[in-house]
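# Fold and geometry: a report
Listed below, chain by chain, are the residues.
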Amino acid sequence: MIRILIPFALLGAFLAISIALEPAQPRGDIRISYTDITTLDPQMMNASVDIRVSYALYEGLMSFNPYTFKPIPGVAKDHPTISEDRLTYTYHLRKDAKWSDGSPVTAHDFKRAWRLGLLPDVAPKYIDFLYFLRGGKTYFKWAARSLSDITSLKNLEANARKRYEEANTLPPKKEDKKDTKDNKDAPPPPPEWLPDFVQNIRKNYPHTKNLDFTPPFGFLPGVSVKNEFLTDDTPQNQIARYEAANLREDMLTAARKILLNPLKTEDDKKQFLSDIESIPSQESMQPELLRLAKQRVQDLEPMFDELVGVKVPDDRTIVVELQELVPFFEEITATWVLCPLHGPTMEKFSRLDESNFNFLRDPLWTRPGNMVSNGPYVVTSWQFKRFIYLSRNPHYWNGKAVKNNSIKLVNYTSPQSMFHAFDTGEIDVSFDGSTIPFAAELAQAVRDRKRNDIHAIDGFGVYYYVFNTKVKLPSGRPNPFNDKRVRRAFNMVVNKQSIVDHVTRLGQKPTNAWVPPNVIDGYRSPKGIGYDPDQGRALLAEAGFPDGKGFPAIEILYNSGSGHGDVAQRLQKMWQDELKIKVDLKELEWKVFHPRRTKSDFEVARSGWFGDYNDPQTFLDLFKTGTGNNDSKFSNKEYDDLLNQAANEPDPEARFRLLEKAEALVTDDHLPVLPLYIYKQVFLYDPDKLKGVSHHPRNMQMFHLYEKIK
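Each chain has its residues counted from 1, following the order in which its sequence is written. Two thresholds apply to this predicted model, a pLDDT of at least 70 for residue-level local features and 80 or more for giving and counting side-chain atom pairs, whereas whole-chain, interface and lining totals are computed over all residues. To obtain the side-chain values, all non-hydrogen atoms of the structure were used and water was disregarded.

Pairing is possible between side chains that carry opposite charge, provided their charged atoms lie close to one another. Whenever a carboxyl oxygen of Asp or Glu lies within 4 Å of a side-chain nitrogen of Lys or Arg, that contact is scored as a salt bridge. This model, assessed by the stated rule, comprises 32 salt bridges. Close ionic contact of Asp-669 with Lys-484 constitutes a salt bridge, the shortest N to O distance being 2.7 Å. You can see Asp-669 sitting in helix H22 (residues 652-670) and its partner Lys-484 sitting in helix H15 (residues 484-492), a full 185 residues away along the chain. Partly exposed residues are those whose accessible area sits between 20% and 50% of the maximum for their type, while under 20% is buried and over 50% is exposed, using a 1.4 Å probe and protein chains only. For Asp-669, a relative accessible area of 24% puts it in the partly exposed group. Between Arg-524 and Glu-660 there is a salt bridge, and its shortest N-O distance comes to 4.0 Å. Pair noted here: Arg-524 is in the loop between helix H16 (496-504) and helix H17 (533-542) and Glu-660 is in helix H22, with a separation of 136 residues, a long-range link. One network of salt bridges, with partners in common, ties together Asp-423, Arg-451 and Asp-453. Starting at the N terminus, helices and strands are each numbered in turn, a helix being any DSSP run of H or I of at least four residues and a strand any DSSP run of E of at least two.

Attention now goes to helix H18 (residues 564-579). In a helix, the anticipated span is given by 1.5 Å times the number of residues less one. Its 16 residues give H18 an end-to-end C-alpha distance of 22 Å, which sits within 8% of 22 Å, the value for a rise of 1.5 Å per residue. Directly after H18, the chain includes Lys-580, whose backbone phi takes a positive value near 60°.

With that settled, consider the sheet that holds strand E8 (residues 310-314). Spatial ordering of the open sheet is given by E4-E5-E9-E8, a layout of four strands whose pairing is antiparallel. Of all strands in the sheet, those with a lone pairing partner are strand E4 (81-82) and E8, marking the two edges. A pair of strands is considered paired only if DSSP assigns at least 2 bridges between the two. Pairing analysis gives three bridges linking E8 to strand E9 (residues 317-321), with the strands arranged antiparallel. Bridging across to E9, Asp-314 finds its partner in Thr-317.

A word on unusual backbone geometry. Outside of glycine, negative phi angles account for most residues, and trans bonds account for most peptide bonds. Even without being a glycine, Lys-385 presents a positive backbone phi close to 60°. You can see Lys-385 is positioned in the loop between strand E12 (377-383) and strand E13 (387-392). In this structure, Leu-671 is a non-glycine residue whose phi angle is positive, near 50°. In this structure, Leu-671 sits in the loop between H22 and strand E19 (673-684). Judged by relative accessible area, Leu-671 falls into the buried class, the value being 2%.

Attention now goes to the environment of Gly-425. Summarising the element assignment, Gly-425 is placed in the loop between helix H13 (415-423) and helix H14 (439-447). The class of Gly-425 is partly exposed, set by a relative accessible area of 34%. In the structure, Gly-425 is positioned 260 residues away from Tyr-685 in sequence and 9.9 Å away in space, judged by C-alpha atoms.

The predictor attaches a confidence to each residue, and that confidence, scored 0 to 100, is pLDDT. Summarising the model, the protein chain shows a mean pLDDT of 85, and 83% of its residues fall at 70 or more. In the predicted structure, residues 1-22 sits below a pLDDT of 50 and forms one contact with residues beyond four places in sequence or in another chain. We call two residues in contact whenever any of their non-hydrogen atoms come within 4.5 Å of each other. Long-range and interchain partners of residues 167-231, a stretch whose pLDDT sits below 50, account for 122 contacts in this model, where long-range means more than four residues apart.

So, on to the side chain of Glu-331. In this fold, Glu-331 is placed in helix H11 (residues 329-332). The exposure class of Glu-331 is buried, given its relative accessible area of 8%. By the criterion applied in these results, polar contacts are pairs of N or O atoms within 3.5 Å in which, for protein atoms, one can donate a hydrogen and the other can accept it, and in which residues neighboring in sequence qualify only through two side-chain atoms. A polar side-chain atom of Glu-331 sits 3.1 Å from the main-chain amide nitrogen of Asn-614. Contacts of Glu-331, omitting those with residues within four sequence positions, involve Phe-64, Pro-71, Tyr-613, Asn-614 and Arg-698.

Here we take up the sheet that holds E19. The five strands lie next to each other as E17-E16-E18-E15-E19, forming an open sheet whose pairing is mixed. Two strands bound the open sheet, and with one partner strand each, they are strand E17 (583-588) and E19. Across the sheet, the axes of successive neighbouring strands diverge by a mean angle of 30°, strand direction being ignored. Alignment of strand E16 (residues 554-559) against strand E18 (residues 604-610), held across two bridges, turns out to be parallel. Each residue of the ladder has a partner; that of Ile-556, found in E18, is Val-604. Each axis is a line fitted through C-alpha atoms, taken for helices only over the stretch in contact, and angles between the N-to-C directions span 0 to 180 degrees.

With that settled, consider the environment of Tyr-131. Mapped onto the secondary structure, Tyr-131 falls in the loop between helix H3 (107-117) and helix H4 (136-154). A relative accessible area of 17% means that Tyr-131 is categorised as buried. Separated by 193 residues in the primary sequence, Tyr-131 and Glu-324 have C-alpha atoms spaced 9.8 Å apart. Residues in contact with Tyr-131, not counting those within four places in the same chain, are Leu-118, Gly-136, Lys-137, Phe-140 and Gln-323.

Here it is in structure tokens:
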């Protein structure tokens with residue numbers, strides 16, 4: 001027995017010695033809990049916890065007053081000069097704005113950051129903010145097209161086979177003895193003019209430099225374009241892009257044969273197989289493709305200059321032209337997405353990935369010793385899943401406003417352990433109180449005046465469920481939620497007050513609106529659909545399902561944790577009891593749930609949305625046709641037209657009236673969404689010991705304003 005214990009005793013002694021020898025970590029003037037930091041790259045952030053840290057490390061042209069959330073000058077020395085048509089903003093930078101290495105922050109640092117942020121190679125989550133720049137989306141499309149053309153050539157054989165397999169026109173494999181009939185659904189032959197066009201394009205356009213290659217045929221690196229362009233993938237367009245790239249003749253011949261093969265007869269199919277066999281190997285194509293990829297990288301900056309309305313007359317002036325009217329653009333220039341990036345650091349950590357031709361930046365650039373930032377703090381230590389230590393930036397231009405010298409962000413994976421740390425004084429503040437299983441009891445203790453260190457604050461966000469509005473579900477089954485009467489029925493039988501009173505119990509406000517009411521001055525959210533079970537049942541019957549008869553069983557998709565299951569169970573009961581349909585529950589971990597929701601692989605799914613800027617558009621854009629976060633795949637021309645009209649309406653009041661009409665289409669008529677309640681954010685901090693914490697619904701904090709009360 002003693003011999004068995006000896007190894008464990010030695011291991012324990014080793015661990016004790018290791019801990020004793022580990023350098024003592026400073027406590028930090030202010031200690032803040034966090035659950036998970038995904039990234040410190042400002043352009044890649046999309047979680048609130050990351051974004052809060054971004055305001056400690058970076059500063060944009062504008063910043064925020066954290067208590068009013070009005071934009072205030074940041075690196076810019078004043079508010080911008082705005083042109084009469086409100087489409088051009090001119091910012092002048094402070095002379096004393098510096099990076100943490102002491103070098104000056106210049107207008108070029110902003111321009112560079114925005115150019116990098118518009119690249120599909122890294123695909124920032126909030127790239128839409130950069131689409132406000134004139135030509136921003138055009139540049140993104142150029143960068144995406146030029147990259148996809150190169151990778152398509154690399155995978156020419158695989159792409160060709162996939163294309164024909166999907167069309168069910170590929171001849172059977174050699175071991176398959178079955179006869180192959182002509183495919184009536186084969187793509188039509190190319191237009192008569194196409195062969196001559198393909199034959200002469202090289203003669204007409206022998207090289208690509210300074211070439212005005214008119215849409216819709218697209219282009220590859222080195223090709224100049226003007227204005228917006230099309231990106232369709234017809235065979236003639238693909239060939240035209242290959243021609244314009246001035247590629248090797250054998251590669252062009254292979255592409256030409258495969259893409260122009262009409263595949264209508266057996267001879268066509270035999271020729272297709274022969275053409276595939278004649279495709280140059282990937283190894284032989286690699287040098288040519290690598291040349292194109294390097295050319296693309298060289299073209300990134302000049303193409304940005306040509307396409308995007310951002311000019312830098314001198315080091316301390318930046319002129320920004322907008323794609324459309326953006327009344328809240330000053331706020332946008334205060335967000336993390338438009339913060340500057342340090343040039344020498346980006347150059348050091350950016351490289352061309354020769355395996356997939358993406359122009360990437362190494363995530364190691366955000367590590368201590370590598371990162372150069374321009375905000376109130378710098379990262380001096382980061383131990384994964386333990387803590388991040390921020391120290392005062394000695395070169396920050398507004399150093400006198402920094403109330404503390406250091407911030408220590410401490411990681412807690414368990415809400416219970418986080419609360420224990422707060423209750424025993426190990427941390428000073430937490431923004432994750434709503435995740436505590438007994439958060440409702442803590443909120444009640446505040447109402448009973450037994451505690452003053454729990455703060456339940458209305459957030460600028462809506463907890464909601466979203467309906468898949470596509471005609472068919474991913475399984476191929478007809479989707480009953482494609483009918484707006486069904487979606488309205490499911491809305492009308494939900495008693496939201498019951499949910500907040502008996503399930504969530506944090507004092508949340510039920511809402512029938514999509515944009516949180518009474519937050520945006522001058523904007524009036526519509527009333528939305530209220531609780532009316534009788535009308536809900538009538539609508540379901542009108543849709544062809546009286547008393548739920550014939551309605552297929554549905555599944556509620558939600559992610560685990562944070563009480564989401566309790567809400568889902570209450571909805572399940574309401575829908576089953578009131579509409580007489582079968583409802584199943586599907587709980588998934590976030591890493592599985594989120595991709596499914598993003599791909600619209602659901603019938604009804606849990607969701608939540610916090611506004612990113614103080615304007616209704618931050619919510620309403622979510623249901624615009626084709627937007628990245630439109631998980632419902634809702635598409636309505638009248639809705640899109642109203643948003644487009646609002647985007648070009650210079651009068652603020654008239655603009656809000658248009659947006660109110662758009663919201664009414666979502667909440668009063670089509671109902672792709674089931675809004676439940678306005679989020680409650682639960683902060684933990686003792687106001688007798690700490691000041692400077694913001695209670696603004698936007699829930700963005702400025703750590704440098706925190707101050708211990710002595």
